[in-house]
Amino acid sequence: MNHPLQRALVPTLSILLAILLNAAIISATGTDPLMVAERIVRSTLGSPYGTGQVLFKATTLLFSALAVAIPFHLRLFNIGAEGQLQVGAIAAAISAASLPPSLTPWAAIPLAVLAAMTAGAGWASIAAILKIRFRVNEVISTIMLNFIAQGVSGYLLFNHFALPSTAHSAPIAENARIASFSELYGWFPSSPANPSLYAAIALSLGFWALLYRTRHGFEMRASGLQPLAAKRAGINPARHTLLAMAMGGASAGLGAANLVLGYKGYYEAGMTAGAGFSGIATALLAAAHPLWIMGSALFMGLLDYGGLAVNSLVPKEIFQVMTAVTILLVISATALNRRNS
Amino acid sequence: MAAAVKIQNITRKFGTLTAVRNVSLTIEKGTVHAIVGENGAGKSTLTNIISGMLPPTGGELIIRGKPVRFTSPKDAAEEGIGMVHQHFMLAGELRVAENIMLGYEECRLFSPLNRKAVNNRIRECAEKYSLALNPDARVSNLSVGEAQRVEIMKLLLRNASIMILDEPTAVLTPMESTKLFTTLRTLAENGHTVLFISHKLDEVLSFADTISVMRKGEIVCTMPAAGATKEQLAGRMVERGVLLSVDNPPATPGAERLRVSNLCLADTRGAQKLRNLSLSIKAGEIYGIAGVEGNGQSELLQALSGMLQGQKGIKGSIQLEGRSLLELSPRQITDCGVGAVPQNRHTEAVITSFSVTDNLIFGRHREPSLHRGAGFSHKALQQLESRLIPDYGVLCQNPAKQQLGALSGGNQQKVVVAREMTRPDLKLLILAQPTRGVDIGAIETIHRKIIEARSRGVAILLISAELEELITLSTRIGCIYNGAISHEFTAKECELKRLEGVAFQKEIGLYIT
Ligand SMILES: Nc1ncnc2c1ncn2[C@@H]1O[C@H](COP(=O)(O)OP(=O)(O)OP(=O)(O)O)[C@@H](O)[C@H]1O
Ligand SMILES: [Mg+2]
């Protein structure tokens, strides 16, 4: 099991198996799987608009997957990307709506993005502090913080920021909008894909470099693999816990900025649409590896938008089942590969 | 009658490396068979093949006349083969009896264990094979020796008739080792077959029936233990000559470096682990601590390394050149010039899935000379590895790529020792079982390095279960018993008594029990 080709064999087989299984599920619902497949491909990668939609979805997913993946290397399981996205989104919307219109976009966008990152990082740090101070398990605290974020953002929206008789906040200032690729260069016409994608890719690469090319990453990996040995080696576990959670939360904040500044232009109830939870699956699918995670986000973005496109053929619920089955198969395959190596 | 184990032309490769080369060996039923050899000779690999942990690349394995092909330890267990690993696989929170029956409950799921019947069987077995054990004790409270007995008992109740032990005595005190061998002898007399690996030639000579010597993946000879000598074995194991005991020129101690005064420590349950422990170490001397494990050594080590920082229940003081260490973090303590080889390599000293080079800098990664930008300087790392790896005789193909976990046990230990002993500006060196699992040739090297460091003026605290090692190296020896130093041998006494050998060991023995 040492040859790279052999290593690739198991995941490839598992993807084939997933395709067959999904085809069987579609057949069982009385639809022709080939037609569905064709429709998915045509509506996503088959058109510039579809490709743009996939890239836009992948951007948010990549940010929220990184929010899970960064702490994962310290053996921290951040279930809270959803809540971090929500507080990030509300911070982006409120700050961007209250910026003076005279500001240039070069100042306005970074300020709004910074607000989103700070909110996400702050929210995630609460879980880190609870863990360091009171040894509260981060899975439990981040789940609770998700509920709290949901409640707080709902309260803020409906009691303070919603425009009368709407479910969204005031539109953000024009100077804080991130122009789409379509507006900028005419790429992927009328789709919301925007330069946030560059930031997401840069963040993945940066995270890779941090993890494998810096002393900070050396300490992070050591702490995650052997906490006791790391502590003896003078590595401060509390400092790393706090930093990793904050970095993860900041990444979720960037995902929120993509949604608010790059697409909607305001904060709306339910706008994160569970992207924080899909981020967990996206991260796990790539075994939290900072480079594979880009492929995994693209794949999940494709399924996400492809599912919408075939809604008339395959019910949304069935498509969810298919996605989950695929993820389970791929994760089992990687686990199998690791055991055999 | 067919032999218990017959190996024919077994080979095992790891990539391009041949760890076991075309080995053939016969182990007779009812004998105690020992395997000795240098670190990395292939001993663990060979026993792992017999116990089904590793499949061989080629060759045949014949158990009691029957050719077998194991794909897992479970297959081997079905043929009555059991292995006691160096790292025990016990559930700490469960009781002894529960651990022994784990996975072998003989009753339906969810119905309670028949505790009485189980306890009776354990007592019966304990009596027959002199395996003193309390079935109701919690495993987390056991000593290493007791935990090992639990492992052996587990195998016995699963009807293992062929027992394999990989360096079983590396972690035992001499007394516990003797107990273990009494058990193994009784087992052999009752028709069991025992195969064990050891680096301690004395015990191999006195307890084994047959001895095989491995070198570079091959068995170079197999001989009856009766009539063999230590020098003869050492000669077959290593090509160059080995000094079995290094020279220890008189020390010239300088000013006081470390002072531990009236250190008291209670654990979380309130049990007193250290009781007014006091000692002092000067620059340029080796202070040896003799004692049976569990008398406060690990607590003293933890306090010295900053692992107890901020913990309640500590009284007294630890001072390094007048600076108090108790309030400092592990990092601040290393920054004061303290290096340490911890007791438990795997959990405290290394990251097994990191490369050998990464492990050579692990804990030293804050040294500015290794840095370049936010990362590490390749050149500095290369210099470090090309200095330390040959110097300490670490057997390893590609240190920058190879995982530490793929090194043999003794070679992993050498990596830790090399890293800690070569810290720049070393003031105090704490060595806990520094030669655990290391072969006789490498022990000589490490002992020489320890004396060298002492002569350079480093203060050294040495904790070892090997009285011989303590006597050879120590300038002074403190006997630890029940959380305090119960007796101290002065430098003069140590120098004189060193020549007495076994008599001195016996005298020390009086103070530690
Ligand atoms: N999983 C592995 N991958 C690659 N090489 C390995 C692996 N396990 C062992 N080796 C190599 O095989 C050789 C034999 O190792 P083995 O562990 O059998 O030695 P040993 O005789 O038990 O030594 P020691 O006395 O140090 O325990 C060594 O060179 C080691 O580096
Ligand atoms: Mg070994």
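Residues numbered from 1 in each chain as written. Chains lettered and ligands numbered in written order. Predicted model: local features only at pLDDT ≥ 70, side-chain atom pairs only at ≥ 80, totals over all residues. Heavy atoms only, no water.

1. Quick word on the overall build of chain A
(1) Moving on: Counting its secondary structure elements, chain A contains 14 helices and zero strands.
(2) Moving on: In sequence order, the secondary structure elements of chain A are arranged as α-α-α-α-α-α-α-α-α-α-α-α-α-α.
(3) Moving on: Its C-alpha atoms give chain A a radius of gyration of 21 Å, within 12% of the compact-globule value 20 Å for 341 residues.
(4) Moving on: Its C-alpha atoms give chain A principal-axis dimensions of about 60 × 60 × 35 Å.
(5) Moving on: Taking as baseline every contact in chain A between residues at least 6 positions apart, the subset at least 24 positions apart corresponds to 75%.
(6) Moving on: Accessible surface, chain A as shown: approximately 15,500 Å² in total, 69% of it carbon and sulfur.
(7) Moving on: Looking at chain A, you have 19 positive and 10 negative side-chain charges, and the mean spots of the two groups are 18 Å apart. (Helix = DSSP H or I, 4+ residues; strand = E, 2+ residues; numbered from the N terminus. Rg over C-alpha atoms; globule rule 2.2 N^0.38 Å. Contact = heavy atoms within 4.5 Å. Areas by Shrake-Rupley, 256 points an atom, 1.4 Å probe, with all protein chains shown as cover. Lys, Arg positive; Asp, Glu negative; His and termini not counted. Charge placed at Lys NZ, Arg CZ, Asp CG, Glu CD.)

2. Description of unusual backbone geometry
(1) Moving on: One non-glycine residue, Phe188(A), lies in positive phi territory at about 40°.
(2) Moving on: With respect to the secondary-structure elements, Phe188(A) resides in the loop between α7 (181-185) and α8 (196-213).
(3) Moving on: Unlike most non-glycine residues, Lys216(B) shows phi in positive territory, near 50°.
(4) Moving on: Checked against the element boundaries, Lys216(B) lands in the loop between β9 (210-215) and β10 (218-224).
(5) Moving on: By relative accessible area, which is 57% here, Lys216(B) ends up exposed. (Buried < 20%, exposed > 50% of the residue type's maximum accessible area, 1.4 Å probe, protein only.)

3. Overview of the site of ligand 1
Residues and elements named next belong to chain B.
(1) Moving on: Taken together, 19 residues lie around ligand 1, and Lys 43, Ser 44, Thr 45, Ser 408 and Gly 410 are the ones closest in.
(2) Moving on: At 2.9 Å from an oxygen atom of ligand 1 is found a main-chain nitrogen or oxygen belonging to Ala 406.
(3) Moving on: A total of 640 Å² of accessible area belongs to ligand 1 in isolation, and the protein chains cover 84% of it.
(4) Moving on: Mapped onto the shell around ligand 1, the elements with two or more residues apiece are β2 (17-27), α1 (43-50) and α14 (409-421). (Near = heavy atom within 4 Å. Polar contact = N/O pair within 3.5 Å; in protein donor to acceptor, adjacent residues only side chain to side chain.)

4. Comments concerning the domain arrangement of chain B
Residues and elements named next belong to chain B.
(1) Moving on: Assigned domains within chain B: domain 1 (3-237) and domain 2 (256-512).
(2) Moving on: Taking only C-alpha atoms into account, the centre of domain 1 sits 30 Å from that of domain 2.
(3) Moving on: Between domain 1 and domain 2, roughly 1,500 Å² of surface is buried when both sides are summed, and carbon and sulfur atoms account for 53% of that area.
(4) Moving on: Taken together, the links from domain 1 to domain 2 amount to one salt bridge.
(5) Moving on: A salt bridge links Lys 200 to Glu 466, with the shortest nitrogen-to-oxygen separation between them at 2.7 Å.
(6) Moving on: At the surface where domain 1 touches domain 2, the tally comes to six residue pairs in polar contact (both at pLDDT 80 or more).
(7) Moving on: For the side of domain 1 that touches domain 2, the secondary-structure elements that each account for two or more residues are α7 (201-207) and α8 (230-237).
(8) Moving on: Top element by residues in the side of domain 1 that touches domain 2 is α8. It accounts for three residues. (Domains from an automatic or database assignment. Buried area = accessible area lost by both parts, 1.4 Å probe. Salt bridge = Lys/Arg side-chain N within 4 Å of Asp/Glu carboxyl O.)

5. Quick word on the packing of helix α4 (residues 115-128) of chain B against helix α5 (residues 144-157) of chain B
Residues and elements named next belong to chain B.
(1) Moving on: Where α4 meets α5, the closest approach of the two axes is 11 Å, and the angle between their N-to-C directions is 105°. Judged by the inter-axis angle, α4 sits roughly perpendicular to α5. Across from Arg 121, Ile 122, Cys 125 and Ala 126 in α4, the residues of α5 making contact are Met 153, Leu 156 and Leu 157.
(2) Moving on: Its residues assigned to classes, the contact of α4 with α5 shows six nonpolar, no polar and one charged. (Axes fitted to C-alpha atoms, helices over the stretch in contact; angles between N-to-C directions. Parallel < 35°, antiparallel > 145°, perpendicular 65-115°, else oblique. Nonpolar A, V, L, I, M, F, W, Y, C, P; charged D, E, K, R; others polar.)

6. Brief notes about the UniProt feature "domain: ABC transporter" (unreviewed entry) in chain B
(1) Moving on: The UniProt record marks residues 5-241 and 258-507 of chain B with the feature "domain: ABC transporter" (unreviewed entry), using the residue numbering of this structure.
(2) Moving on: Between the C-alpha atoms that bound residues 258-507 of chain B the distance is 27 Å, and the span itself is 36% helix and 26% strand. (UniProt positions renumbered as here; feature names shortened; annotations may be inferred.)

7. What to know about the pattern of salt bridges
Residues and elements named next belong to chain B.
(1) Moving on: On inspection of all chains with the given rule, the structure shows 24 salt bridges over all chains.
(2) Moving on: One salt bridge in this structure joins Lys 66 and Glu 79, with 2.7 Å as the shortest N-O distance. With Lys 66 in strand β5 (residues 66-68) and Glu 79 in the loop between α2 (73-78) and β6 (81-84), this pair connects stretches of sequence that are 13 residues apart.
(3) Moving on: Owing to a relative accessible area of 19%, Glu 79 belongs among the buried residues under this scheme.

8. Things to note about empty space enclosed by the protein
(1) Moving on: Across all of its chains, the model carries five cavities of 30 Å³ or more by this definition.
(2) Moving on: Approximately 210 Å³ is the volume found for the largest cavity.
(3) Moving on: Along the wall of the largest cavity there are 20 residues; nearest its centre are Arg232(A), Thr334(B), Ala340(B), Glu420(B) and Arg423(B).
(4) Moving on: For the lining of the largest cavity, the per-class residue count stands at eleven nonpolar, four polar and five charged.
(5) Moving on: Quantified by volume, the second largest cavity comes out at close to 90 Å³.
(6) Moving on: A breakdown of the residues in the lining of the second largest cavity according to their chemical character gives six nonpolar, six polar and two charged. (1 Å grid on protein atoms, 1.4 Å probe; cavity = no way out; pocket = protein on both sides within 12 Å on 5 of 7 lines; lining within 4 Å. Points joined across faces, edges and corners; volume = space filled by probe spheres on them.)

9. Section: the interface of chain A and chain B
(1) Moving on: The interface of chain A with chain B comprises 17 residues on the first partner and 26 residues on the second.
(2) Moving on: Together chain A and chain B conceal approximately 2,000 Å² of surface at their shared face, both sides included; 63% is due to carbon and sulfur atoms.
(3) Moving on: For chain A, the biggest contributors to the area lost against chain B are Arg215(A), Phe218(A) and Arg232(A); these three give 44% of the whole.
(4) Moving on: Put simply, chain A and chain B have two salt bridges between them.
(5) Moving on: There are eleven residue pairs in polar contact (both at pLDDT 80 or more) connecting chain A and chain B.
(6) Moving on: Mapped onto the side of chain A that touches chain B, the elements with two or more residues apiece are α9 (215-225) and α10 (227-232) of chain A.

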